[in-house]
Amino acid sequence: MTSAAPTTRLALRGDLLDFTAEPVWGEVESNAVRFRPDHWLLIEGGRIVGAQLVEPDASWVKHDHRGRLILPGFIDTHVHMPQLEVIASYGTELLDWLNTYTFPAETRFADPAYSKAGAAEFVDALLAHGTTAAVVFPTVHKVSVDALFGAAQQRGMRMITGKVLQDRHSPDGLRDDVVQAERDCLDLIERWHGRERLAYAVTVRFAPTSTPAQLAMAGALCAADASLYMQTHVAENRAEVKWAGELFPEARSYLDIYARAGLLHPRSVLAHGIWLDDADRAALRDSGAQIAHSPSSNLFLGSGLFDWRASAQAGAAVSLASDVGGGTSLSMLRTMADAYKVQAMAGQRLTAWTALHAATRGGARALLLDDEIGSLEAGRTADVCVWDWAADPVSARRMGVARSLHEKAFAWMTMADDRNLVAAFIAGVARHRRTDTETASASA
Ligand SMILES: [Zn+2]
């Protein structure tokens, strides 16, 4: 990790790309896209203060990345810190995958030293993939939450997380109970929520692993403090949906289990949402909750194909998520490429604009954080990444013949990955730099 005092005045030269509005579904010519080729992005005191064509004066530390792409850092709205160890595990669907691979891996995070090392490695891995903000599941263990918040705080990162609640249908070493869980949540909220760039999420693993009493406790926490986030999984896999229905027969649908417990609100992040109906989508829209679409995970575990357009048409917010370790890469670019393929299977076309927007400004808006992150607008915190348009001969050849901006951006989104990342800045401080790249040195 590179650590440095925040440079007072920093100017980054490159092709600036961000969004000023939500792109219309299917439109490749979009007024929502703001492309400023070969501009200088000006950063002062950790914040973006402007952008200009002319080179700024000598009072600025200048990083010349001409010919490269500069984007707001990506926002991953659903990813599991302890699951780096289970990526690419063979041969199961969701419920078997949890029991066979994931639960055993998560029990190891009861150990504070293991949690601390795992959290540091995880946060650095996010940065090395161009993700500068995330909504994260740690484990049921309080120490895993302290470790994750601590690692994010050290790096100045925007992070939303909270202790995983699961008091049934979980193995020994991975179960809590309502009383102790509430005590742990209240203590963690007191110590971390709203501190610097950290926020607490009431974190329900998923309805089948919480008793009705635990869901009620989680709902009460949300009701007591509207600034808290809530994260969980919903309607990912057909066997899971059926099981949830059997456990909560009084609920109209899987999503309705959460609605009845007071867990659907503007700061709710629900992963997957594949098996939803129109009434569910209306409930999402009315509550302001969002779906964290996790295409890589959905394909890998064979969970199903998310109907993004139906959610968009219903007015429900959709953000993008890697869902590692169900997902196979922390790269939001790999995630976008998979999202395109999922929509293609359903006869839909996902533009680069809708995908890139969801991973930046759209995710920020869904989290009610768009005044802080997600764009290159003056006043935003300078969480920005510098990317190579092409990092290998095949991509370079493809980029070389692209005629329109969308064609180029789409080919980039489809072919690029973490090897294209040159540098990741958090609040104007370089927290990740590709080791083979020395062109980022200060130059006048
Ligand atoms: Zn997940």
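Please read all numbers here as calculations on a predicted model, not as lab measurements. (Residues numbered from 1 in each chain as written. Predicted model: local features only at pLDDT ≥ 70, side-chain atom pairs only at ≥ 80, totals over all residues. Heavy atoms only, no water.)

## A look at the coordination of the zinc ion
Ideal geometry at a metal centre: 109.5 degrees between donors when four sit tetrahedrally, and 90 or 180 degrees when six sit octahedrally.
1) Next: In this structure, His78 (NE2), His80 (NE2), His233 (NE2) and Asp323 (OD) serve as the protein donors to the zinc ion, at separations of 2.0 to 2.3 Å.
2) Next: If you look at the zinc ion, its four donor atoms make angles of 88 to 169° with each other, and the shape they trace is irregular.
3) Next: Spacing between the donor residues of the zinc ion along their common chain follows H-x1-H-x152-H-x89-D. Pair noted here: histidine 80 is in strand β5 (residues 74–80) and histidine 233 is in strand β10 (residues 229–234), with a separation of 153 residues, a long-range link. Note on accessibility: histidine 80 and histidine 233 belong to one class, buried. (Donors = N, O, S within 2.8 Å, 3.2 Å for Na, K, Ca; no water. Tetrahedral: all angles 85-135°; square planar, octahedral: opposite > 155°, others 65-115°. Helix = DSSP H or I, 4+ residues; strand = E, 2+ residues; numbered from the N terminus. Buried < 20%, exposed > 50% of the residue type's maximum accessible area, 1.4 Å probe, protein only.)

## Quick notes on the packing of aromatic side chains
The geometry of an aromatic ring pair is captured by two quantities: the separation of the ring centres and the angle between the planes.
1) Next: Under the defined criterion, the tally for this structure stands at 11 aromatic pairs.
2) Next: Members of the aromatic cluster, joined through ring pairs, are Phe74, Trp387, Trp389 and Trp412.
3) Next: The aromatic ring of tryptophan 192 is capped on one face by arginine 195, whose charged end is 4.8 Å from the ring centroid.
4) Next: Against the face of tryptophan 389 rests lysine 408, its NZ or CZ located 4.3 Å from the ring centre. (Phe/Tyr/Trp six-rings, centres within 6.5 Å; stacked < 30°, edge-to-face > 60°. Lys NZ or Arg CZ within 6 Å of the ring centre and 35° of its normal.)

## Focus on the layout of surface pockets
1) Next: By volume, the largest pocket is sized at about 430 Å³.
2) Next: Taken together, 19 residues make up the lining of the largest pocket; nearest its centre are Glu22, Ala316, Ala317, Val318 and His357.
3) Next: Among the residues forming the lining of the largest pocket, the class breakdown is 11 nonpolar, five polar and three charged. (1 Å grid on protein atoms, 1.4 Å probe; cavity = no way out; pocket = protein on both sides within 12 Å on 5 of 7 lines; lining within 4 Å. Points joined across faces, edges and corners; volume = space filled by probe spheres on them. Nonpolar A, V, L, I, M, F, W, Y, C, P; charged D, E, K, R; others polar.)

## Some details on the side chain of serine 170
1) Next: Structurally, the position occupied by serine 170 is in the loop between β8 (164–165) and α4 (178–192).
2) Next: Residue serine 170 is classed as buried on the basis of its relative accessible area of 8%.
3) Next: Polar side-chain contacts of serine 170 include one of 2.9 Å to the side chain of glutamine 166.
4) Next: One polar contact links the side chain of serine 170 to the main-chain carbonyl oxygen of arginine 168, over a distance of 2.9 Å.
5) Next: Leaving out residues up to four positions away in the same chain, serine 170 has contacts with Arg175 and Thr209. (Polar contact = N/O pair within 3.5 Å; in protein donor to acceptor, adjacent residues only side chain to side chain. Contact = heavy atoms within 4.5 Å.)

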